[in-house]
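Understanding the architecture of this molecule
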Amino acid sequence: MSNGTEHVSAKSEVFPPSDDVVAHANVPDYLAIRQAALDDPAAFWDARAKELIDWYEPYNEVLNTSNAPFYKWFTGGKINIVHNALDRHATSWRRNKLALIWESEDGEEVTYSYLKLWRRVNRFANVLKSMGVKKGDTVTIYMGRVPQLPIAMLATAKIGAIHSVVYGGFSEQALADRIADAKSKVVVTCDGAWLRGKTVNLKDITDEAVSRSPVVQKVIVYQRTGQDVKMVPGRDFWWHDLESLPIASPYCETEVMDAEDGLFILYTSGTTGKPKGLLHTCGGYQVHIAATLKYVFDIKEEDRYWCAADPGWITGHSYIVYAPLILGTTSFMYEGAPGYPYPDRWWEQIEKYAISILYTAPTAIRSLMRFGAEWADRHDLSSLRILGSVGEPINPEAWRWYYTHIGHERCPIMDTWWQTETGGFMITPTPVVPLKPGSGTLPFAGIQADVVREDGVPCDANEDGYLVVKYPWPGMARTVWGDPQRYEDTYWADFADQGWYFTGDSARRDEDGYFWIIGRMDDVIKVSGYRLGTAEVESALVSHPDVAEAACIGVPDELKGNVIHAFCILNAGVQGGDDLAAALRQHVRTEVGPIAMPAVVEFVDSLPKTRSGKIMRRLLKAQVLGKPLGDTSTLED
Ligand code: PRX
């Protein structure tokens, strides 16, 4: 039943934690705590909410299930995530501790102490207020990997507004759709972003997107590249001009929020063309991410932590911006791509900044692995203590390379399985859990995950099944923005009788209860760890005047995990060829973004469909991979 590639084998080596790691772990008795939490998950989260988070007013209930699946956590609690992430540190001894070290692609280094970051956030919060942003409004943020991106997020949250960050790699239509769906009156962007020595014209893309979504009234532009941009009088403002006004004072009251008020929307791909805006809320989310970061990456006061994702994805939201700041951590952030401008750029940075924790994706590891271990060997990586992986199953070769050449067989690898929807880690080891390469090991304390058959019966050991979560957790997305029905239909309908959350993934559990993720069961393709819906790419293709119909599938790729193979039926009279294939790939790039560009565009006369007209992508995939077609009884033709 799995539609993924077999990346993993259930029979594999076990890497027990070293005595040293166990002796120094924040939570050495984690497995016992986890065991206790199985009976009462809410009690585990209640304890974490009290231990790690400050509340303006205490909550009166940990979990409210009265309107399932619209669960509520910590109801009655008053809170603001920026209080926990910044205010409390900026007024404590941590004020002079570094919160963020940022390095630009060309090697410029900029540091922010907690006090400095707090002041910058306060100033920008005041700027947003002066632009008319109020509690509950949405602000769309579309920027490159610069410190002003987290600053804009934190400033929005500080005043009780809801941010919607759109990854800077998306193009016009993707941005326009997301702005329109969130109904943002204010957009924050950059003139451009540096990417591999070239600039990406973010402001031009924003202009085009804003012209397609007339709700936007104000655009704030952070100057990063200094390239020429068109500024529309009355609509567009330079960040630096606004920040120099008296209104941008470095003091700003933090808005008191209810635990269940909205914190951010993050769009992610699903089975239909329209992206889903998942809503995360103020209270439960921060409890979940702070607890998981502390336990899993074993965060200590003296750590230098590097989550090498982009702040524009959930990994960045939870584990670059919010959780590290809540724990008072020093984070490192690099503007550029891995291996740019030279193969050992990352390894050089680990040495230079004495990074102790590195959290990245298998695709990045594979791309750096290709250059050879000698690039890593040139550097002193002895500061590293813990490694992490996220986004797709890590293949055993990449795991071993990472473990041997980067971690020097000293650093455990935290393979964290989770989703935009889950807010934080769900299936993951901690440093005291024995590891098996390619397995995310066990559900985190307080998380009740399982692998089941279609009828809900738990699978046998090593049997593929549906990965479900059987009990609510605090970081869960609360709804799809503006479409609660879609939230129910997408996540809670498959196992409605049992009241379980279906992840969309297939997985298996081995005889030790370890989880092995196989891949997506729906029409989602993971390209370099980025999540794309087939429908998004298909609708971009059919928006081209020559294309009548399109279907996309993911095909396994050594470097990227998967690449997109597109099938197109052309309009009558149009002839397919290399030029048109190239034009269509470029068209997808412009409409959706470079990550969505199909690797192959194939012209066909028809597509396999069910009698009800649904494209059977499974058959296309089997054909491309030369596998048996399986059940074709629903095929129309
Ligand atoms: O298929 C799983 C895969 O990524 C999906 C979630 O994608 P997204 O919402 O973009 O979030 C990615 C970062 C949290 C999952 O349904 N996935 C994520 N982490 C892993 C993984 N697959 C295997 N192993 C992982 N560690």
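In the block above lies the structure referred to throughout.
Residues numbered from 1 in each chain as written. Predicted model: local features only at pLDDT ≥ 70, side-chain atom pairs only at ≥ 80, totals over all residues. Heavy atoms only, no water.

Section: the sheet that holds strand S5 (residues 109-113)
Note the threshold: Strand pairing follows a simple DSSP-based rule, namely that at least 2 bridges must link the two strands. A run of DSSP states H or I qualifies as a helix once it reaches four residues; a run of E qualifies as a strand once it reaches two. Both are numbered from the N-terminal end. To obtain each axis, a line is fitted to C-alpha atoms, and for helices this fit is confined to the stretch in contact; angles are then taken between N-to-C directions over 0 to 180 degrees.
Within the open sheet, the seven strands sit side by side as S5-S4-S17-S16-S18-S19-S20. Their pairing is mixed. At either margin of the open sheet sits one strand with a lone partner, and together these are S5 and strand S20 (413-416). Taken pair by pair, the neighbouring strands of this sheet meet at an average axis angle of 20 degrees, ignoring direction. Pairing analysis gives five bridges linking strand S4 (residues 98-103) to S5, with the strands arranged antiparallel.

With respect to the environment of Phe-371
For the record, the criterion: Only heavy atoms matter for contacts: two residues are in contact if any of them lie within 4.5 Å across the pair.
Relative to the assigned elements, Phe-371 resides in the loop between helix H13 (362-369) and helix H14 (374-377). Once the C-alpha coordinates of Phe-371 and Lys-560 are considered, the two residues, 189 residues apart in sequence, prove to be 15 Å apart. Those residues in contact with Phe-371 that sit more than four places away from it in its chain are Gly-339 and Pro-343.

A closer look at the sheet that holds strand S24 (residues 501-509)
Taken together, four strands build an open sheet; the order of strands is S21-S22-S24-S25 and the sheet is antiparallel. Both outer strands of the open sheet, strand S21 (449-452) and strand S25 (515-520), are each paired with one neighbouring strand and no more. Taken pair by pair, the neighbouring strands of this sheet meet at an average axis angle of 45 degrees, ignoring direction.

Let's talk about the site of the ligand
We apply this condition: The cutoff for a nearby residue is simple: one of its non-hydrogen atoms must lie within 4 Å of the molecule or strand. Pairing of N or O atoms within 3.5 Å defines a polar contact, subject to two protein rules: one partner must be a possible hydrogen donor and the other a possible acceptor, and residues neighboring in sequence count only if both atoms are side-chain atoms. Here the Shrake-Rupley method, with its probe set to 1.4 Å, supplies the accessible areas, and only the displayed protein chains count as covering residues. Residues are grouped as follows: nonpolar covers Ala, Val, Leu, Ile, Met, Phe, Trp, Tyr, Cys and Pro; charged covers Asp, Glu, Lys and Arg; every other residue, Gly included, is treated as polar.
Around the ligand, a shell composed of 17 residues is seen, among which Asp-415, Thr-416, Thr-420, Arg-520 and Arg-531 lie nearest. For the ligand, a nitrogen atom lies 2.8 Å from a polar atom in the backbone of Thr-416. Within the side chain of Thr-420, one N or O atom sits 2.5 Å away from an oxygen atom of the ligand. A total of 540 Å² of accessible area belongs to the ligand in isolation, and the protein chains cover 96% of it. Among the residues making up the shell around the ligand, the classes are represented as six nonpolar, five polar and six charged.

So, the side chain of Asp-450
Within the fold, Asp-450 resides in strand S21. A polar atom in the side chain of Asp-450 sits 2.8 Å from the side chain of Lys-470. Excluding its chain neighbours within four sequence positions, the residues that come into contact with Asp-450 are Pro-458, Tyr-466, Leu-467, Val-468, Lys-470, Arg-509 and Phe-515.

Re the environment of Asp-510
Let me state the cut-off plainly: Here's how the labels work: a residue is buried when its accessible area is under 20% of the maximum for its type, exposed when over 50%, partly exposed in between, all with a 1.4 Å probe on protein chains only.
Relative to the assigned elements, Asp-510 resides in the loop between S24 and S25. For Asp-510, a relative accessible area of 4% puts it in the buried group. Sequence spacing of Asp-510 and Ala-461 is 49 residues, and the spatial spacing of their C-alpha atoms is 4.9 Å. Within the local environment of Asp-510, its side chain forms a polar contact with the side chain of Trp-516, the two groups lying 3.1 Å apart.

Considering the packing of helix H4 (residues 81-90) against helix H5 (residues 114-130)
How two helices sit against one another is set out by the angle between their axes and by the gap between those axes. The criterion, for reference: Between 65 and 115 degrees an angle is taken as roughly perpendicular, under 35 as roughly parallel, over 145 as roughly antiparallel, and anywhere else as oblique. The crossing is said to be left-handed when, going from far helix to near helix, the turn is anticlockwise and less than a right angle, and right-handed when the turn is clockwise.
At a closest axis distance of 9 Å, the pairing of H4 and H5 adopts a crossing angle of 120 degrees. Our classification of the angle between H4 and H5 gives oblique. For the pair H4 and H5, the sense of crossing is left-handed. Seen from H4, the contacting residues are Ala-85, Leu-86, Asp-87, His-89 and Ala-90; seen from H5, they are Tyr-114, Leu-115, Leu-117, Trp-118 and Val-121.

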